[in-house]
Amino acid sequence: MKLTPWNPEEQRRSPRIDVDLSAEIRTEWQQLSPAKVVNLSQNGIGVEGSGALIEMVFPNFNHSNGNHRSIVYLRVGLLEGAVSLVKPWVDIQCHSAYVKRIGHDRFLIGLSYAAIDGDAKERLDQFLDGI
């Protein structure tokens with residue numbers, strides 16, 4: 001039997017759109033870290049970051065017992081290609097869904113939306129429609 005590697009990106013409920021957006025992640029413990037949003041969809045966000053970001057979002061993460069879904073607060077700048085976080089931005093509360101190593105000290109974190117206010121959802125929808 002041939003084994004197929006697990007690919008969390010294929011578990012999506014809606015298609016993702018590749019983007020290059022600056023972001024900031026804040027945990028429930030008020031820790032902040034810069035991040036880069038690399039894709040968006042109607043149901044979630046793909047965020048790229050370093051090992052330090054992983055340690056912050058998934059403290060003491062144990063792969064064999066990896067069922068804890070952290071809540072994070074994501075501020076996403078809606079200016080494509082910006083080097084740092086600038087307005088306009090949206091604030092979104094998310095659940096961590098998965099982590100995938102994509103390079104040396106580079107990881108992709110899949111986040112699903114937990115809560116988003118009406119104004120932020122409208123701005124995000126307008127941004128997605130404009131791509």
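1. Section: the overall build of the chain
Working step 1: Helix and strand counts for the chain come out as two helices and six strands.
Working step 2: Going residue by residue from the N terminus, the α and β elements of the chain occur as β-β-β-α-β-β-β-α.
Working step 3: In the chain, buried positions account for 39% of the 131 residues.
Working step 4: Residue pairs in contact within the chain that sit at least 24 positions apart in sequence constitute 57% of those at least 6 positions apart.
Working step 5: Summed over all atoms, the accessible surface of the chain reaches about 8000 Å², with 50% contributed by carbon and sulfur.

2. Comments concerning the pairing of strand β1 (residues 17-27)
Working step 1: Of the pairings in the sheet, the one linking β1 to strand β2 (residues 32-40) comprises eight bridges and is antiparallel in character. The partner of Ser 22 across the bridge, within β2, is Lys 36.
Working step 2: Hairpin connection of β1 to β2: four residues between the antiparallel strands, including Gln 30 at a positive phi of 65°.
Working step 3: Pairing of β1 with strand β4 (residues 71-77) involves five bridges; the strand directions are antiparallel. Bridge pairing links Ile 25 to Leu 74 in β4.

3. Side note on the nonpolar core
Generally speaking, a soluble globular protein has its nonpolar side chains buried in company with each other.
Working step 1: Of all hydrophobic cores here, the largest spans 29 residues; its most connected members are Ile 25, Val 37, Leu 40, Ile 45, Val 47, Leu 74 and Val 76.
Working step 2: Only β1, β2, β3 (44-49), α1 (51-57), β4, β5 (89-103), β6 (106-116) and α2 (118-130) provide two or more residues apiece to this core.
Working step 3: Sequence-distant contacts of Val 37, defined by excluding residues within four places in its chain, comprise Val 19, Asp 20, Leu 21, Ala 23, Ile 45, Gly 46, Val 47 and Val 76.

4. Points about the pairing of β6
Working step 1: Here β3 runs beside β6; their pairing, made up of six bridges, is antiparallel. Across the sheet, Gly 46 pairs through a bridge with Gly 110, a residue of β6.
Working step 2: Bridge count for β5 against β6 is 10 bridges, and the pairing is antiparallel. Note that in β6 the partner of Cys 94 across the bridge is Tyr 113.

5. Overview of the environment of Arg 26
Working step 1: Following the sequence through the fold, Arg 26 ends up in strand β1.
Working step 2: Take Arg 26: its relative accessible area is 30%, and that puts it in the partly exposed class.
Working step 3: Here the alpha-carbon distance between Arg 26 and Ile 71, two residues 45 residues apart in the chain, equals 9.2 Å.
Working step 4: Beyond its immediate chain neighbours, meaning those up to four positions away, Arg 26 contacts Gln 31, Leu 32, Val 72 and Tyr 73.
Working step 5: In this structure the side chain of Arg 26 is engaged in a polar contact, spanning 3.2 Å, whose partner is the side chain of Gln 30.

Cut-offs applied
Residues numbered from 1 in each chain as written. Predicted model: local features only at pLDDT ≥ 70, side-chain atom pairs only at ≥ 80, totals over all residues. Heavy atoms only, no water. Helix = DSSP H or I, 4+ residues; strand = E, 2+ residues; numbered from the N terminus. Buried < 20%, exposed > 50% of the residue type's maximum accessible area, 1.4 Å probe, protein only. Contact = heavy atoms within 4.5 Å. Areas by Shrake-Rupley, 256 points an atom, 1.4 Å probe, with all protein chains shown as cover. Pairing = 2+ DSSP bridges. Core = buried A, V, L, I, M, F, W, Y, C linked by side-chain atoms within 4.5 Å. Polar contact = N/O pair within 3.5 Å; in protein donor to acceptor, adjacent residues only side chain to side chain.

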